[in-house]
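# Architecture and fold: a report
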Amino acid sequence: YPFQEMSKQKMEKLFQSWGISPQKKIVIYDQGGQFLATRLFYSLYYYGFPLKNLYILDGGLSKWQEEGFPVTKEITPPPKKGTFRITKLNENIKARLPEFLTATGDRINNAIVEGLTPNWHFGEALNYNKRGHIPFAIMLPFTDFFNADKTFKSREEIQKMLSYLGIRPEQTVYLH
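As a starting point, this report considers the structure included with it. (Residues numbered from 1 in each chain as written. Predicted model: local features only at pLDDT ≥ 70, side-chain atom pairs only at ≥ 80, totals over all residues. Heavy atoms only, no water.)

## Focus on the overall build of the chain
When helices and strands are counted, the chain shows 6 helices and 5 strands. Listing the helices and strands of the chain from first to last along the sequence gives α-β-α-β-α-α-β-α-β-α-β. Oriented by its inertia axes, the alpha-carbon framework of the chain measures out at about 50 × 40 × 35 Å. Counting the 176 residues in the chain, one finds 32% classified as buried. Taking all contacts inside the chain whose residues are at least 6 apart in sequence as the whole, residues at least 24 apart take part in 70%. Just so you have it, the chain exposes about 12000 Å², and 58% of that area is on carbon and sulfur atoms. (Helix = DSSP H or I, 4+ residues; strand = E, 2+ residues; numbered from the N terminus. Buried < 20%, exposed > 50% of the residue type's maximum accessible area, 1.4 Å probe, protein only. Contact = heavy atoms within 4.5 Å. Areas by Shrake-Rupley, 256 points an atom, 1.4 Å probe, with all protein chains shown as cover.)

Structure, rendered in structure tokens:
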């Protein structure tokens, strides 16, 4: 699954190949303490999958195993083709470049929040052919949203983090 979205038709075909149908409840997980499950959640929601049927397993596979639930090394048979059709995109959850650029110039009403880790933010890692970060971006690595056991922090803990970083509820938050 690519992080760069494909065409609507290719995404629909991919989702259907995974057996995704709109009436199904989809539980997404990764290793735990990562952004892969939330990224897939975002993509499914963006492409119009019903939000009420999307879930993320808190703590991921790591927590599942820690709790003693079964795992297998057997190959799962391919699912039946799903029926999910992309009929509308939730465009309101994406910002276009002109809007984003305008937001960077108005830090009273907007917060530019970067989910990358410090090595990306400070230019140690080479990302997208340029080192460093967008000016005025607030570094809030995705890893900060997780507890030591790889479960998500509570709403209250996240609100404290945001407040500490000067991100206020009345601001429009742009994430990248």
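## Describing the sheet that holds strand E3 (residues 110–114)
Strand order across the open sheet formed by 3 strands is E4-E3-E5, with parallel pairing between neighbours. Only two strands of the sheet have a single partner each, and these edge strands are strand E4 (138–139) and strand E5 (172–175). Note that E3 and E4 share 2 bridges and pair parallel. For glutamate 114, the partnering residue across the bridge sits in E4 and is methionine 139. Where helix H4 (residues 97–104) meets the sheet, it contacts E3 and E5, and its direction lies at approximately 110° from that of E3. (Pairing = 2+ DSSP bridges. Axes fitted to C-alpha atoms, helices over the stretch in contact; angles between N-to-C directions.)

## Concerning a nonpolar patch on the surface
Taken together, the side chains of Tyr29, Leu61, Trp64, Phe69 and Val71 present a nonpolar region at the surface, about 470 Å² in accessible area. With a relative accessible area of 31%, leucine 61 lands in the partly exposed category. (Patch = residues over 30% accessible without salt bridge, like charges linked within 9 Å, V, L, I, M, F, W, Y side chains within 5 Å. Salt bridge = Lys/Arg side-chain N within 4 Å of Asp/Glu carboxyl O.)

## What to know about the nonpolar core
Ranked by size, the top nonpolar core spans 14 residues in total, and within it Phe15, Ile20, Ile26, Ile28, Leu44 and Phe49 carry the most contacts. Among the elements of the structure, helix H1 (8–17), strand E1 (26–28) and helix H2 (36–46) are those that each provide at least two residues to this core. Looking at which element gives the most residues to this core, the answer is H2, with 4 residues. Once you skip the residues sitting within four places of it in the chain, isoleucine 20 turns out to touch Phe15, Ile26, Leu44, Phe49, Gly82, Thr83 and Phe84. Of all hydrophobic cores here, the second largest spans 6 residues; its members include Ala111, Val113, Leu140 and Ile158. (Core = buried A, V, L, I, M, F, W, Y, C linked by side-chain atoms within 4.5 Å.)

## Examining the packing of aromatic side chains
Overall, the coordinates contain 10 aromatic pairs when judged by the stated rule. When the centroid spacing of 5.0 Å and the interplanar angle of 80° are considered together, the rings of tyrosine 46 and tyrosine 47 count as edge-to-face. Tyrosine 46 sits in the buried class, given a relative accessible area of 4%. The interplanar angle of 85° and the centroid separation of 6.0 Å between the aromatic rings of phenylalanine 100 and tyrosine 174 together place this pair among those described as edge-to-face. (Phe/Tyr/Trp six-rings, centres within 6.5 Å; stacked < 30°, edge-to-face > 60°.)

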